[in-house]
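Residues per chain, in single letters:
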Amino acid sequence: MLLDYDHMGWLKTALLGFTALVAAFLLLPVVFIVLLSFGSSRWLAFPPPGWTLNWYQELFADPSWLEAALTSARIAALTAILAVLIGLLASFALVRGEFRGREILRGLLLTPMVLPVVVFAIAIYAFFLRLGLGGTTIGFVVAHTVLALPFAIIPIATALEGFDKSIEDAAIVCGASPLQAKLRITLPSIRIGIFSAAIFSFLASWDEVVVAIFMASPTLQTLPVKIWGSLRADLSPVIAAASSLLVGLTLALMIVAALLRRKFKT
Amino acid sequence: MTQPFLSIRKLRKAFGAFTAVHDVTLDIPKGEFLTFLGPSGSGKSTTLYAIVGFQDPSSGDVLLQGKSLLAVPSHKRNIGMVFQRYTLFPHLSVAENVAFPLRVRRRPDAEVKKKVADMLGLVRLESFAERLPGALSGGQQQRVALARALAYDPPILLMDEPLSALDKKLREEIQAEIRRIHRETGVTILYVTHDQEEALHLSDRIALFKDGRIEQTGTGEDLYLRPATDFVAGFIGNSNFLAAEHLETVGGAATIRLADGSLVSGISANGSFERGQKTRLMIRPEAFRLERNPASAELTVDVVDVAFYGERRRIVARTTTGQEIDIRPTSAAMASQDATPSRRQVFFDPGAAFLFPA
Ligand SMILES: Nc1ncnc2c1ncn2[C@@H]1O[C@H](COP(=O)(O)OP(=O)(O)OP(=O)(O)O)[C@@H](O)[C@H]1O
Ligand SMILES: [Mg+2]
C-alpha cells in the first residue's frame, strides 16, 4: 500500500512527532492535576513550592467525599451488571438473529455513543422527573445503562462473531439443552468480551458527569458531580486529589482490560 | 421384513422456493458404515442435519428402530456427531471435552473417568488428556471430537466431512483410525464426503447424491462396476464417454455404431433404447487393453501423449473422429519404446462398457 507505515520515509518521523504532540496536549492537563494534588500550595501554584499528602488526608477525612466515591462505585457496578446482561441478550439477537430491522436495532442500540450527551441528559431528566425516578439510584443506573450499552455490546458482539456456532451445536448434540450449551460452552468461550464489556460499562458510568448532574440530588451525588460542585464553590487542592483518584481507578481498569486482551489473543 | 435400524423416508427439505433435498429414502442396517457422496450443494449435509435435528424437514420422516426422531429435540436424540469444522470446547481440556456429554447426563464421577480414559485410548491420545484444544493439531482435534462423540455410546455416529480440513497424508492416517474404530465399536456410521476415494476406502455402502436426490445406493464395487446412470459412471472413477448410435438390444446386450462407423456388440445396456437413438458409451480408462483377445472390441486411436504414473501409464489419445480419450494400461503391459505418438488399435471388453442415453 502507498501509505504503508513502513514505507513512508521522513513522513514517518513527522507523523510520530505529531502524534506525540497530540497525546501530550491531551494528557498534560491530567498530569498537572495529579502534580498539583501533591503540591503544598493551597492556591494551586505551579510549580508547587513543596510536596505534601495533606490534601489526600483532608479528602479521606471528609465523609462526603467517601460517600460520593461509594455512590459512584455502586452505580457504576450496577450499571456494569445491567449493561452486560442486556448487552449479552442484544448481542445474541444482533449476531445470531435473522429478522427484519436488525440493522436498525443495531444502530439504535449504538446511538447513545454519538448522541450529544446533554440532549440525552435533558430528555431523560424530564422523563424521569415525571416517573419519580429523578435523584434515585434506579434512575441513575437506568440512565447510565443506556449510555453504557454500546460499550457493552461492541466487545460482546465482536467476541460472539468470532465464536463458531458449530461449537455450540456440538454441545447440543452432546446432550446439553440449548440454554445449557450457551451457559456452559458459549459464555465461557466469549468471557474476554464479557470482561471487557463489564470494565468499559463500569467506566462509562464511573466518569460520566453530564447526565449525573441532572440526575443528582443533594443526598445522592456521584464523585464527578461532587468534584464539579466543589469546583464551583471554591478551588481547593482537595479537588485535585479527588480527581487524581478518579483518573487512577480509570487508568487501572483500562490497564486490566488491555492485559486481558493481550493474554487471550495468544 | 425385519425392521431397518435407521430409516429415512421420503425426506424433503425446501428453503423457500429452493428444494435442497427431494424425496430421499434410505434404510440403514445396524452397524453399517454408509457414506453420502456427492458434489458440493447436493444435499448431503442437509440430510444429515435433518437426522440430528438441526433442520426440520419439510416432509418425510426419520425413524430409529421404528420410532420417529422428528419430535425429539436435538439434545435428546442421543446421536453422536463429528463436524467439518473444529468444534472442541476451547476452554476445556481434552479430557473435559470428552467428559462433557457424560457430565450433562449426570453420570457418576468414577464412570466418567473410566469412560474418558477408554475413549482417549480408543483414539490413541491418552497422553494429551490435560491439553487445551488450542495446543493440538487439526488431526488430533478431530480425533478428540470423535472420542467425545462416542463417549456416550450413541447408536448412530454422523460425520460431516470430518477430514476435509486436513492434508492428504493425515487424512489417510485418520481414515485408517476411523475404520478400526468402526470395527472395534460396531457403531452405525453415516459419513459425508465429496472425496470419492475416501468413500470407497471407508464405506460398506455409498449413497451417491446429485441435486438433492440419491442417484444410486450400493457398495463401492456396485457403483464402480455397475453404475446406474452416466452421472454415477462419471463421478466414481475415471471414465471416457464416446458418442454412439444404438442399433438393437437383445437380452441386455446392445449393439451400437460408434462415430467412426465401427460396430460393437455385447455392450451392457442400462435401460432400453430405441433403434437409432443417440447414446453415450462409457469405458473406464483401465478397461482398455493393448492386446487383442477373442472377445474384445477394438478402437482405432492416434496416441497423443504417454506419461508414466508408476503402476500404470496414462495415454492420451484421439479417436479418428477427433474425440480425446484417456487410457491407463498397466506399465508392464506396455514397453516404453511403444510410447511414441502413432496410430494404433486399442481393445476393450464390451461387457465392461456401459451404454447410457445421450
Ligand atoms: N439454510 C439454508 N438456506 C438456504 N439454502 C440452503 C441452506 N442450507 C443449505 N442450503 C442449500 O441447499 C443445498 C444443499 O446444501 P448442503 O449443505 O446439504 O450441500 P452438501 O451436499 O452438504 O454440500 P457440501 O459438499 O458443499 O457441504 C445447497 O444448494 C445450499 O445452498
Ligand atoms: Mg456439506
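Residues numbered from 1 in each chain as written. Chains lettered and ligands numbered in written order. Predicted model: local features only at pLDDT ≥ 70, side-chain atom pairs only at ≥ 80, totals over all residues. Heavy atoms only, no water.

A.B. asks: I'm lost on the overall build of chain A in this one. Help?
C.D. replies: Counting its regular elements, chain A contains twelve helices and zero strands. Its helices and strands taken in sequence order, chain A reads α-α-α-α-α-α-α-α-α-α-α-α from the N to the C terminus. The dimensions of chain A, computed from C-alpha atoms along their principal axes, are 70 × 60 × 35 Å. Counting the 266 residues in chain A, one finds 41% classified as buried. At a minimum sequence separation of 6, the contacts of chain A that also span at least 24 residues come to 71%. Looking at chain A as shown, the accessible area adds up to about 14,900 Å², and 74% of this sits on carbon and sulfur atoms. Here chain A carries 18 positive and 14 negative side-chain charges, and the mean point of each set is 4 Å from the other. (Helix = DSSP H or I, 4+ residues; strand = E, 2+ residues; numbered from the N terminus. Buried < 20%, exposed > 50% of the residue type's maximum accessible area, 1.4 Å probe, protein only. Contact = heavy atoms within 4.5 Å. Areas by Shrake-Rupley, 256 points an atom, 1.4 Å probe, with all protein chains shown as cover. Lys, Arg positive; Asp, Glu negative; His and termini not counted. Charge placed at Lys NZ, Arg CZ, Asp CG, Glu CD.)

A.B. asks: Sorry, what's going on with the site of ligand 1 here?
C.D. replies: Residues and elements named next belong to chain B. In the neighbourhood of ligand 1, 13 residues make up the surrounding shell, with Ser40, Gly41, Lys44, Ser45 and Thr46 lying closest. The separation between an oxygen atom of ligand 1 and a polar side-chain atom of Ser40 is 2.5 Å. Contacts to ligand 1 include Gly41, whose backbone N or O atom sits 2.7 Å from an oxygen atom. A total of 630 Å² of accessible area belongs to ligand 1 in isolation, and the protein chains cover 62% of it. If you list the elements that add at least two residues to the shell around ligand 1, you get β2 (18-28) and α1 (44-52). No other element matches the three residues that α1 contributes to the shell around ligand 1. When its residues are assigned to classes, the shell around ligand 1 shows four nonpolar, seven polar and two charged. (Near = heavy atom within 4 Å. Polar contact = N/O pair within 3.5 Å; in protein donor to acceptor, adjacent residues only side chain to side chain. Nonpolar A, V, L, I, M, F, W, Y, C, P; charged D, E, K, R; others polar.)

A.B. asks: Teacher, can you tell me more about the nonpolar core here?
C.D. replies: One recurring pattern in soluble globular proteins: nonpolar side chains tend to sit buried together. Among the nonpolar cores identified, the biggest contains 96 residues, and Phe36, Phe100, Leu146, Leu157, Leu158 and Leu190 of chain B are the most heavily contacted of them. Considering every element that reaches this core, the biggest residue donor is helix α6 (residues 137-161) of chain A, with eight residues. Discounting residues that sit within four places of it in the chain, Phe100 of chain B has contacts with Ala171, Cys174, Ala176, Arg184 and Ile185 of chain A together with Phe89 and Leu92 of chain B. Core analysis: the next-biggest nonpolar cluster, separate from the first, contains 26 residues, Leu242, Ile256, Leu281 and Val301 of chain B among them. (Core = buried A, V, L, I, M, F, W, Y, C linked by side-chain atoms within 4.5 Å.)

A.B. asks: Hey, could you run me through the domain arrangement of chain A in this one?
C.D. replies: By a widely used convention, the size of an interface equals the accessible area lost when the partners come together. All names here are of chain A. When cut into domains, chain A gives domain 1 (5-37) and domain 2 (63-265). Each of domain 1 and domain 2 has a C-alpha centre, and the two are 29 Å apart. At the junction of the two partners, domain 1 supplies five residues and domain 2 supplies six residues. For the pair domain 1 and domain 2, the two sides together bury roughly 350 Å², of which 78% comes from carbon and sulfur. When the buried surface of domain 1 facing domain 2 is broken down by residue, Val30, Ile33 and Ser37 rank first, second and third, together holding 74% of it. Seen at the junction of domain 1 and domain 2, the total is zero salt bridges. The interface formed by domain 1 and domain 2 contains one residue pair in polar contact (both at pLDDT 80 or more). (Domains from an automatic or database assignment. Buried area = accessible area lost by both parts, 1.4 Å probe. Salt bridge = Lys/Arg side-chain N within 4 Å of Asp/Glu carboxyl O.)

A.B. asks: I tried to follow the layout of surface pockets on my own but got confused; where do I start?
C.D. replies: With a probe scaled to a water molecule rolled over the atoms, the places where space remains empty come into view. Residues and elements named next belong to chain B. Quantified by volume, the second largest pocket comes out at close to 360 Å³. Those elements that place two or more of their residues in the lining of the second largest pocket are α6 (196-202) and α7 (220-225). The greatest single-element share of the lining of the second largest pocket, amounting to four residues, is contributed by α7. Per-class residue counts for the lining of the second largest pocket are four nonpolar, four polar and six charged. Three or more residues apiece are contributed to the lining of the second largest pocket by two domains, here domain 1 (6-233) and domain 2 (238-357). (1 Å grid on protein atoms, 1.4 Å probe; cavity = no way out; pocket = protein on both sides within 12 Å on 5 of 7 lines; lining within 4 Å. Points joined across faces, edges and corners; volume = space filled by probe spheres on them.)

A.B. asks: How do you make sense of the interface of chain A and chain B when you look at a structure like this?
C.D. replies: Listed per partner, the contact involves 19 residues of chain A and 23 residues of chain B. Of the roughly 1,700 Å² buried between chain A and chain B on both sides combined, carbon and sulfur atoms contribute 68%. Three residues stand out in chain A for area buried against chain B, namely Val173, Cys174 and Arg184 of chain A, and they jointly supply 36% of the buried area on that side. At the junction of chain A with chain B, the criterion picks out one salt bridge. Put simply, the parts of the chain that give the side of chain A that touches chain B at least two residues each are α7 (165-173) and α8 (178-189) of chain A.

A.B. asks: Would you mind going over the sheet that holds strand β19 (residues 343-348) of chain B with me for this structure?
C.D. replies: The pairing of strands in a sheet happens through backbone hydrogen bonds and is either parallel or antiparallel. All names here are of chain B. The strand order across the open sheet built from five strands is β15-β19-β16-β17-β18, with neighbouring strands paired in antiparallel fashion. Each edge of the sheet is formed by a strand with only one pairing partner; in this case those strands are β15 (288-289) and β18 (324-327). Across eight bridges, strand β16 (residues 297-309) lies against strand β17 (residues 312-319) in antiparallel orientation. Residue Asp305 lies in a different strand from β17, and its bridge partner there is Val316. (Pairing = 2+ DSSP bridges.)

A.B. asks: Help me out: how do you make sense of the pairing of strand β4 (residues 59-64) of chain B in this one?
C.D. replies: In summary, the side chains of a regular strand alternate between the two faces of the sheet. Residues and elements named next belong to chain B. When strand β1 (residues 6-15) meets β4, the two strands line up antiparallel, connected through five bridges. In the sheet register, Ser7 faces β4, and the bridge partner there is Leu63. Pairing between β4 and strand β5 (residues 67-68): two bridges, direction antiparallel. What sits directly across from Leu64, in β5, is Lys67. Counted along the chain from β4 to the antiparallel partner β5, the turn is two residues long, and its residue Gln65 has a positive phi close to 45 degrees.

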